[in-house]
Amino acid sequence: MPNASSWSASSPLLLLWEDSSGTRIFLSLLYAVLAISGTLSNVMVIYLVFSFKKLQTTSNAFIVNGCAADLSVCALWMPQEAVLGLLPPNSSSLRSAEYRLLRGGLLGLGLTVSLASHLLVAFNRYVLITKLPSVYQALYQRRHTGCMIGLSWALALLPVPLLPGLWTLGSAQSDGSSRYTALLLALAVLGQTALLLHCYLGIVRRVRGSAKRVSVLNFHLLHQLPFPAAPPPPRRAQRRLSSVSVLLLCCVFLLGTQPLVWVSLLGFFLRPAPPALQAASWLLLCSLSALNPLLYTWRSEEFRRAARSVLPRGEGPAAA
């Protein structure tokens with residue numbers, strides 16, 4: 001296996017190039033599985049929200065925004081990586097700078113908007129639970145919600161004309177500018193993670209302190225929180241299950257994002273991480289694009305009921 005610098009300099013995105021054909025085939029199959037499952041789950045969530053009026057809430061608008069961004073990764077980027085992983089390492093497709101930049105743009109756009117959508121959902125739920133209903137209604141008017149969604153895409157598109165190499169991750173660690181790009185990426189994800197944890201831990205503190213306040217909020221959004229569905233358990237059990245659900249969501253998010261953060265920081269301040277560790281950290285981050293739809297809907301009775309109505313042997317749209 002080549003050393004880290006030469007390996008990174010000649011590899012395509014996500015460090016797919018390997019001397020071992022078995023490893024490349026395994027990674028290609030993994031990309032294919034993530035692409036198929038992620039595309040189906042994201043399309044399903046988008047379809048359900050647009051088809052069922054009960055699901056058309058502000059929180060779900062941010063979730064759909066994240067699903068649309070995740071489709072950029074699962075439906076457009078991952079299939080290309082799966083195919084390119086089966087090509088010889090000296091293939092012209094792997095060495096084309098323009099094509100690598102295009103793939104990098106798809107990956108960067110999808111991941112940036114997806115991470116922003118995570119934060120928008122967390123902040124939406126935080127305001128819903130911890131603030132007065134009048135504050136929530138004033139902040140999340142339809143126009144404001146549309147501006148927040150548009151801003152997430154604008155911020156993701158902003159670096160494209162200014163920093164065309166920002167997401168050309170195949171050359172990471174090969175020069176000084178790439179090292180600073182990796183540092184910028186790590187700091188951005190760290191800041192987003194800190195804000196997300198602040199929101200969800202604030203929800204946990206409020207729920208544990210007053211289950212009664214949560215139960216009296218008459219909002220459809222409440223169904224989108226990772227809380228146990230009806231019939232409600234006793235108050236103490238409800239607080240415990242709600243806290244566990246929120247903490248589980250946070251743990252999955254941290255597992256997907258933090259390895260890349262610390263690998264990037266390690267490469268900037270000390271020395272580049274081993275290629276296998278770099279690849280694993282990126283795979284974990286990209287796998288979130290396939291897991292996000294389940295992450296936000298698995299505890300929602302409304303989503304489960306809507307899914308049963310469209311799947312074979314379901315209840316039917318009228319009953320749902």
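Remember, it's a predicted structure, so these values are computed and weren't measured experimentally. Within every chain, residues take consecutive numbers counted from 1 along the sequence as written. A pLDDT threshold of at least 70 governs which residues receive local features in this predicted model, and a stricter bar of 80 or more applies before side-chain atom pairs are shown or counted, although totals over entire chains, interfaces and linings include all residues. Note that water and hydrogens are dropped before the side-chain values are worked out from all heavy atoms of the structure.

With respect to the overall build of the chain
Stated formally: Put simply, DSSP H or I for four residues or longer makes a helix, DSSP E for two residues or longer makes a strand, and each gets a number counted from the N terminus. Partly exposed residues are those whose accessible area sits between 20% and 50% of the maximum for their type, while under 20% is buried and over 50% is exposed, using a 1.4 Å probe and protein chains only. The contact criterion used is simple: two residues touch if any of their non-hydrogen atoms lie within 4.5 Å. Per-residue and other accessible areas follow the Shrake-Rupley method at a 1.4 Å probe size, with only the shown protein chains counted as cover for residues.
Helix and strand content of the chain: 13 helices and zero strands. Element order for the chain, N to C, with α for helix and β for strand: α-α-α-α-α-α-α-α-α-α-α-α-α. Taken across its 320 residues, the chain has 49% of its residues classed as buried. Contacts in the chain between residues at least 24 apart in sequence constitute 77% of all its contacts with a sequence separation of at least 6. By element, 69% of the accessible surface of the chain is carried by carbon and sulfur atoms, the whole surface being about 15400 Å².

Some thoughts on helix α3 (residues 58-84)
Counted only if it meets this: By this rule, a helix spans an expected 1.5 Å times one less than how many residues it contains. One axis is fitted to the seven residues ending at the residue and one to the seven starting there. The bend at that residue is the angle between these axes.
Between its first and last C-alpha atoms α3 spans 39 Å; for 27 residues at 1.5 Å apiece the expected length is 39 Å, and the two agree. By the largest-angle criterion, W77 marks the main kink of α3, which is about 35°, and a proline, P79, follows within four residues. Most of α3 is tucked away, with 21 of its 27 residues classed as buried.

Points about the packing of aromatic side chains
The following threshold applies: Put simply, two rings from Phe, Tyr or Trp (the six-membered ring, in Trp's case) pair if the centres are within 6.5 Å, and we call them stacked under 30 degrees between planes, edge-to-face over 60, tilted for the rest.
A complete count under the given rule lists three aromatic pairs for this structure. Considering the side-chain rings of F62 and Y140, the 6.1 Å spacing of their centres and the 70° angle between planes classify their relative orientation as edge-to-face. Residue F62 is found in helix α3, and its partner Y140 is found in the loop between α6 (133-139) and α7 (142-157); the two are separated by 78 residues along the sequence. Assigned by exposure class, F62 and Y140 land together as buried.

Considerations on the nonpolar core
Using the following cut-off: We define a nonpolar core as any set of buried Ala, Val, Leu, Ile, Met, Phe, Trp, Tyr and Cys residues linked to one another through side-chain atoms lying within 4.5 Å.
Counting 60 residues, the largest nonpolar core has M78, Y200 and W282 as the members making the most contacts within it. Mapped onto this core, the elements with two or more residues apiece are α2 (21-51), α3, α5 (97-130), α7, α9 (176-209), α11 (235-269), α12 (275-297) and α13 (301-310). Apart from residues lying up to four places away in sequence, Y200 is in contact with V121, A122, R125, V246, L249, C250 and Y296.

Describing the UniProt feature "transmembrane region" (unreviewed entry) in the chain
The test is simple: UniProt positions are given in the numbering used here, feature names are shortened, and annotations may be inferred rather than shown by experiment.
Mapped onto the present numbering, the UniProt feature "transmembrane region" (unreviewed entry) falls at residues 25-50, 62-80, 100-123, 144-162, 182-203, 244-270 and 276-298. Annotated as residues 25-50, this span is 100% helix and 0% strand, and its ends, taken at the C-alpha atoms, are 37 Å apart. In the segment residues 276-298, helix accounts for 96% and strand for 0%; the C-alpha atoms at its two ends are 32 Å apart.

What to know about a nonpolar patch on the surface
The criterion, for reference: Exposure above 30% relative accessible area and the absence of a salt bridge qualify a residue for a patch, where like charges join within 9 Å and nonpolar side chains (Val, Leu, Ile, Met, Phe, Trp, Tyr) within 5 Å. Definition used for salt bridges: Asp or Glu carboxyl oxygen within 4 Å of a side-chain nitrogen of Lys or Arg.
Taken together, the side chains of I25, L29 and L86 present a nonpolar region at the surface, about 300 Å² in accessible area. As for its position among the elements, L29 is in helix α2. Since its relative accessible area comes to 55%, L29 is described here as exposed.

As for α12
Over its 23 residues, α12 extends 34 Å from the first C-alpha to the last, a length consistent with the 33 Å expected when each residue adds 1.5 Å. At L291, α12 is deflected by roughly 55°, the largest bend along its length, and proline P293 occurs up to four residues later in sequence. α12 sits mainly inside the fold: 17 of its 23 residues count as buried.

Observations concerning the environment of L284
Structurally, the position occupied by L284 is in helix α12. Put simply, L284 and G256 are 28 residues apart on the chain and 4.8 Å apart in space, counted from C-alpha to C-alpha. Other than its neighbours up to four places away in sequence, L284 contacts L255, G256 and P259.

Some thoughts on the confidence of the model for the chain
Parts of the model with low pLDDT should not have their predicted coordinates read in detail. For the record, the criterion: Known as pLDDT, the predictor's per-residue confidence is scaled from 0 to 100.
Summing up the model confidence of the chain, the mean pLDDT is 75 and the portion of residues at 70 or higher is 70%. Of the regions scoring below 50 in pLDDT, residues 162-175 engages in 32 contacts with residues more than four places distant in sequence or in other chains. Confidence drops under pLDDT 50 across residues 314-320; counting only partners more than four residues distant or on other chains, this segment forms 11 contacts.

Here we look at the side chain of H118
Relative to the helices and strands, H118 resides in helix α5. The class for H118 is buried, based on a relative accessible area of 3%. Contact partners of H118, with chain neighbours within four places excluded, come to Q192, L196, F253, N292, L295 and Y296.

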